[in-house]
Amino acid sequence: SSSSTIPNPAKFALFSGHDTTLLPLLASLGVWTRQDFWPPYASSMLIETHEINFDGNTDTSVYPNTNFAFRLIYNGQVWTRRIPGCPD
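Residues numbered from 1 in each chain as written. Predicted model: local features only at pLDDT ≥ 70, side-chain atom pairs only at ≥ 80, totals over all residues. Heavy atoms only, no water.

Student: Is there a simple way to explain helix α1 (residues 19-28) in this structure?
Tutor: Given 3.6 residues per helical turn, the α-helix brings residues three or four places apart onto the same face. Inspection of α1 places Leu-22, Leu-23 and Leu-26 among the buried residues, and these make up the whole buried set. Each buried residue of α1 sits inside an arc of 100° when the element is viewed along its axis, so together they form one side. Facing away from the buried side of α1, by more than 90 degrees, are the exposed residues Thr-20 and Ser-28. Next to the buried residues of α1 lie β1 (45-51) and β2 (68-74). Where α1 terminates, the next one or two residues include Gly-30, which has phi positive at roughly 80°. (Buried < 20%, exposed > 50% of the residue type's maximum accessible area, 1.4 Å probe, protein only. Helix = DSSP H or I, 4+ residues; strand = E, 2+ residues; numbered from the N terminus. Arc of directions from axis to C-beta. Contact = heavy atoms within 4.5 Å.)

Right, here's the structure in full:
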């Protein structure tokens, strides 16, 4: 079948890495520069995907052309607002 939908999308995905894996991800999101810190031992980074337009009342000026948003959590702190272009 040439269907573009995934019949049973994953509800949870887990990836493991090292500090040298976290740094490029943080840098690609615009939240880490060379002047910043090195990730401490046992650091964690979570990227949560949320459906935001399940009731049709999403502010389209904040979230145009999408029904989904994400939240970045680094070592237990929400860092989404640090990403350039992400709304408050």
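Still more ground to cover, so stick around.
Student: Help me understand the sheet that holds β2, please; the structure alone is not making it clear to me.
Tutor: Hydrogen bonds between backbone groups are what pair the strands of a sheet, and the pairing can be parallel or antiparallel. Spatially, β1-β2-β3 is the arrangement adopted by the three strands of the open sheet, whose pairing is antiparallel. Strands with a single pairing partner mark the edges of an open sheet, and in this sheet they are β1 and β3 (77-78). When β2 meets β3, the two strands line up antiparallel, connected through two bridges. When the sheet's bridge partners are listed, Ile-73 is paired in β3 with Val-78. (Pairing = 2+ DSSP bridges.)

Student: Would you explain the packing of aromatic side chains in this entry?
Tutor: Aromatic ring pairs: the centre-centre distance and the angle between the two ring planes describe each pair. Summed over the entire model, instances satisfying the criterion amount to one aromatic pair. With centroids separated by 4.6 Å and ring planes inclined at 50°, the aromatic side chains of Tyr-74 and Trp-79 adopt a geometry described as tilted. Across this residue pair, the class does not change: Tyr-74 and Trp-79 are buried. Above the face of the Trp-79 ring, Arg-82 is positioned so that its terminal group lies 4.0 Å from the ring centre. (Phe/Tyr/Trp six-rings, centres within 6.5 Å; stacked < 30°, edge-to-face > 60°. Lys NZ or Arg CZ within 6 Å of the ring centre and 35° of its normal.)

Student: Any chance you could explain unusual backbone geometry here in plain terms?
Tutor: When glycine is set aside, most residues are seen to have a negative phi, and most peptide bonds are trans. Although it is not a glycine, Ala-42 adopts a positive phi angle of roughly 65°. With a phi close to 50°, Asn-75 is a non-glycine residue in the positive phi region.

Scope: geometric values only; no functional claims are made or implied.
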